[in-house]
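# Coordinates in review
Residues per chain are reported as follows:
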Amino acid sequence: MEQVDLTNCDREPIHLLGKIQSFGFLVAVTPDWFISHVSDNVSGFLPFAPEEMLGKHSLDFIPAQSVHAIRNRLQFLQPRRGVEVLYDLKLEGVDDHFDVSIHALETNIILEFEPARSLEGESNDTANVRNAIDRMAELPDVNSIYSQAVRFIKMITGFDRVMLYKFATDGSGEVVAEAKRHGMEPFLNLRYPATDIPKQARALYLENPIRLIADVHEDGAPVLHLDKAETDVPIDLSGSRLRSVSPIHLEYLRNMGVGASMSISVILHGELWGLIACHHNSPLVPGMRARNCALLFGQMLSLVLQSRLAEEERSKDARVAQLTTEISRALTSNSSSPQLLRSSAEAFCEVLQADGFSVVQEDIILNSGKTPDEDGILALCEEVNKLPGNEVFATNHIAALVGGWDGGPGVAAGVLAIPISRSPRDYILFYREELERKVKWAGNPEKPVTYGPNGARLTPRKSFETWQVTVREQSTDWTAGDLRVASQLRIMLLEVVLRMADEAGRQRKVANEKQELLIAELNHRVRNILGLVRGLISQSNSGTDTTAEFVRKLDSRVQSLARAHDQITRHNWSPASFSGLIETEAESYLLDKKDRVIISGPQILLTPPAFSALALVMHEMITNSAKYGAISDQHGTVEIGLTINDDDGLDIAWRDVGGPPVKPPQRRGFGSTIIERTVPFELKGEAAIDYPSEGVQASFRIPKEFVILGEADFVAPEKKGRTDIQKIDAPQAVLIVEDNLIIAMDAEDIFRGLGTEEVSVVATVDAAYEEIDSRERPFDFALLDINLGSETSYGIASRLLEMNVPFAFASGYGEDVDGPKELMEVFRISKPYDKDTITSLFQTAT
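Residues numbered from 1 in each chain as written. Predicted model: local features only at pLDDT ≥ 70, side-chain atom pairs only at ≥ 80, totals over all residues. Heavy atoms only, no water.

### Let's talk about the overall build of the chain
Convention followed: Under the scheme used here, helices are H or I runs from DSSP no shorter than 4 residues and strands are E runs no shorter than 2 residues, and both carry numbers assigned from the N terminus. Residue exposure (1.4 Å probe, protein chains only): buried if accessible area is under 20% of the type maximum, exposed if over 50%, otherwise partly exposed. Here, residues are in contact when the closest pair of their heavy atoms is within 4.5 Å.
Looking only at helices and strands, one finds 20 helices and 37 strands in the chain. Of all 846 residues assigned to the chain, the portion counted as buried reaches 49%. In the chain, the share of contacts with a sequence separation of at least 24, taken over all contacts with a separation of at least 6, comes to 68%.

Now the structure itself:
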């Protein structure tokens, strides 16, 4: 009988199970497009039996137009390299449309079809990913990025629990961030043994970075082969999105109480760094579009994390370059070789966050900080000498390397050993002291081997109760960055320090040249890293600005549009004053310089399309004048003249007066495009701008259909909603009902910033009722978006009113929206809103 141990899971051929999950069906074709494989469940989707399809040409079942689209996608594929997707394909015999995932093997093309999901709300998924990544790039630390990532995935996929699972050097994993449905047991900070994810599963996570298990109680549909004699050799499903699941893993998930799961790989520098793990209490099939958006987010998250780690590496590289220079300068002295080694180790000790070090050279041992005794140092060197190669070595557990090790309480539990001679005998040893800590495992990591229903294999553990272990005799881990710094130190010592110290007289000139060469190489490597990061940033940004500059400009333009939108909606989407537009822009951007913008001419009202278009144009003009034109100094002014032309349209004449000399711009940016092309493109009008030295001059002609001549602004109707509502304290438990992902995340951040401990975010009426009914204690406050797609939140509001829970409405339609009579006095805010607006609700909520 085969011996049963933890390696049995590693040897299970999970890519050769010969089955797929039944939420879709599989068709495999040969290079000449004859069907060689088909899943047994195909008749549940198409009016054809598997036997009718096997051996037939694909055009008998897939229309020529769909085959053409699939062939086009194949141009981007290589065998076992990636997956392509197509949406809304037509197949023969049915009216339904299908989404298809395509990948290639050496001898087959694999087509995996799923019923096309509803497109409602999915058109903004890519924009949501982009916005979420932009926000994460600005977060101050990686923990904030972790938290934002799991919240985003939970919102776009609908899973009950989403975790970010980071792998440790020993293969185990820790949950570093979690977003979960209220009332679920937290898994945050729990560790899972390396055996929970076998080696071959980790390899598949690299090849196929998104994996959905829709129903853990399903056995799967067999994949049938044309040649009955070959059915004993299942088709390779390594790249399959529908691939069925190992019975051991299904039992593992059932033991956890999971109904469905999904994972998204986080890959850094080609290595599996971690997983975004999603769990649901019942079966769940997110659409292919939603899954691909989640996959895109995972790929972008990988880039963000890779960039952050690169920033840390650059900081270390800069410090290493500085230390290298300082040490090299010190070599002009007549110090002995051990002393030079000691000074080098002292300089690098802080960078490596070591508690002490030893320099071991021939019969000399020099110590500093917390170190073992001499016998312990020699025993450690003896064990390191036995290791293959002559490379930098690190361990956080010396006791596992040196038998009978006793570094003393709290002293030298971990070591980083740097060979400093051609033969392995001399070292610089950096030490880290013991860090006793308590690790919480999700169940016993040392589970006993037992036989189960799957035969002579391990039975997945049934207990996931927290198993706390006290870790002793170990230090903090040495990171890949620490090893890289140590390698750089070794190179410098071998190629510069030792050679110069041994040949201090006759070889001084040669050693100086070596020193300069290594420093130049180090600087070259640092510049390469900087160039790589700069390239990533430039590819992520459509312009030439830095990320901060891009965000600032984008925010400025969005706020300009928001201000214009507020003015239009304040008048029930009626024409609004051009003068009011200029005054609002001047107040928002110029502050105390606002009076230097002078408007002359009749009172003009603009229709909403013209008002929004000119808001962006005038924002760019005012911004440029404040930066480079008349308003950039102490005396200049901007004169804006308004006249009605012979065609009853509006002529706008802009002049910068009394400012510094003007030069034409050297390049055309996005702002110039807005100024010159918005009016002609959107309003079919005219725009021109000149740059005489005395000041910028611009003219805009607005067609008459967008212009109304008026004596004054329209008067906005009286706002609805109460203003004398009783004051409440800042809430500790808040319900947010909002169907826009980014707005919901912003609102959650605002409430948490105000001290709210518990924030529940939902996007539908049913989910809101479920949150309300599942609580033992009512919410302290609720913020309700009125319009939730095809439904409204008025029913939720009535329920909260009965429960005497304070709440307020938020709406993109402004404050003047009609509603049920009993809710007309509920306070309302318009979007976009900010922290100050939310704070005001605590004094004005009903």
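Let's pick the thread back up.
### Observations regarding a negative patch on the surface
Heads up, the rule is: For patch building, the residue pool is restricted to those with more than 30% relative accessible area and no salt bridge; the joining distance is 9 Å between like charges and 5 Å between nonpolar side chains (Val, Leu, Ile, Met, Phe, Trp, Tyr). Surface exposure here means Shrake-Rupley accessible area, sampled with a 1.4 Å probe, where a residue is shielded only by the protein chains that are shown. Here, a salt bridge means any Lys or Arg side-chain nitrogen found within 4 Å of an Asp or Glu carboxyl oxygen. Under this rule, positive means Lys or Arg and negative means Asp or Glu; His and the chain ends count for nothing. One atom stands in for each charge, and that atom is NZ of Lys, CZ of Arg, CG of Asp or CD of Glu.
On the surface, Asp373, Glu374, Asp375, Asp406 and Glu473 cluster together into a negatively charged patch. Turning to its location among the elements, Asp406 is positioned in the loop between strand S16 (393-395) and strand S17 (414-419). Judged by its relative accessible area of 66%, Asp406 is exposed.

### Some remarks on the environment of Asp482
Topologically, Asp482 is positioned in helix H11 (residues 480-502). Note on Asp482: relative accessible area 3%, which makes it buried. For Asp482 and Glu313, which are 169 residues apart along the polypeptide, the C-alpha to C-alpha distance reads 9.5 Å. Ignoring anything within four residues of it in the chain, the contact list for Asp482 reads Lys316, Leu352, Leu416, Arg432 and Asp477.

### Structural notes on the pattern of salt bridges
Across all of its chains, the model carries 19 salt bridges by this definition. For Asp482, the salt bridge is made with Arg432, and the minimal N-O distance between the two is 3.1 Å. Residue Asp482 is located in helix H11, and its partner Arg432 is located in strand S18 (residues 427-432); the two are separated by 50 residues in the primary sequence. If you follow the salt bridges from partner to partner, you end up with Arg151, Glu748, Asp749 and Arg752 in one network.

### A look at the pairing of strand S4 (residues 84-90)
Selection rule: At least two bridges found by DSSP between two strands are what make those strands a pair.
In the sheet, S4 pairs with strand S5 (residues 97-104) via five bridges, with the strands oriented antiparallel. Bridge pairing in S5 links Leu89 to Phe98. Connecting S4 to the antiparallel partner S5 that follows it, the hairpin turn spans six residues, and Gly93 within it adopts a positive phi of roughly 85°.

### Focus on helix H18 (residues 765-773)
Note on helix geometry: an α-helix contains 3.6 residues per turn, so any two residues three or four positions apart are oriented the same way. Rule in force here: When we speak of the arc, we mean the arc of directions from the helix axis to the C-beta atoms. Each polar contact in these results corresponds to two N or O atoms within 3.5 Å; when the atoms are within protein, one needs to be able to donate a hydrogen and the other to accept it, and residues that are neighboring in sequence are counted only if both atoms are side-chain atoms.
Inspection of H18 places Val765, Ala768, Glu771 and Ile772 among the buried residues, and these make up the whole buried set. One face of H18 carries all of its buried residues, which in axial projection span an arc of 125°. Within H18, the exposed residues directed more than 90 degrees away from the buried face are Asp766 and Asp773. On its buried face, H18 is in contact with strand S31 (733-737), strand S32 (758-762), strand S34 (787-788), strand S35 (791-792) and helix H19 (794-802). Its side-chain oxygen at 3.2 Å from the backbone nitrogen of Ala767, Thr764 defines the N-terminal cap of H18.

### Comments concerning the environment of Phe187
Tracing the backbone shows Phe187 in the loop between strand S8 (173-180) and strand S9 (191-192). Accessibility expressed as a relative area gives 8% for Phe187, which makes it buried. Spatially, the C-alpha atoms of Phe187 and Val176 are 9.2 Å apart, while their sequence positions differ by eleven residues. If sequence neighbours within four positions are ignored, Phe187 has contacts with Arg161, Met163, Val175, Glu178, Tyr192 and Met256.

### Some details on the packing of helix H4 (residues 125-137) against helix H5 (residues 142-157)
Counted only if it meets this: Comment: axis = line fitted to C-alpha atoms, over the contacting stretch for helices; angle = value between 0 and 180 degrees taken between N-to-C directions. Should an angle lie under 35 degrees it is considered roughly parallel, over 145 roughly antiparallel, and from 65 to 115 roughly perpendicular; all remaining angles are considered oblique. In a left-handed crossing the near helix is turned counterclockwise from the far helix by less than a right angle, and in a right-handed crossing that turn is clockwise. Note on residue classes: Ala, Val, Leu, Ile, Met, Phe, Trp, Tyr, Cys and Pro are nonpolar, Asp, Glu, Lys and Arg are charged, and everything else, Gly too, is polar.
One can describe the packing of H4 onto H5 by two numbers: an axis separation of 10 Å at closest approach and a directional angle of 165°. Between H4 and H5, the interaxial angle falls into the category roughly antiparallel. The hand of the H4/H5 crossing is right-handed. Along its contact with H4, which presents Asn128, Val129, Ala132, Arg135 and Met136, the element H5 presents Ile145, Gln148, Ala149 and Phe152. Residues that form the contact of H4 with H5 fall into these classes: six nonpolar, two polar and one charged.

### Brief notes about the nonpolar core
Inclusion rule: Nine residue types can take part in a nonpolar core, namely buried Ala, Val, Leu, Ile, Met, Phe, Trp, Tyr and Cys, and a core is a set of them joined through side-chain atoms within 4.5 Å.
Phe152, Ile153, Ile276, Phe297 and Leu301 are the most contacted members of the largest nonpolar core, which totals 47 residues. In this structure Ile153 touches Gly158, Val162, Ile264, Ile276, Cys278, Ala294 and Phe297, once residues within four positions along its chain are discounted. Counting residues in each nonpolar core, the second largest holds 36 residues, with Phe578, Ala613, Ile652 and Val696 among its members.

Shape descriptors only; they carry no functional weight alone.
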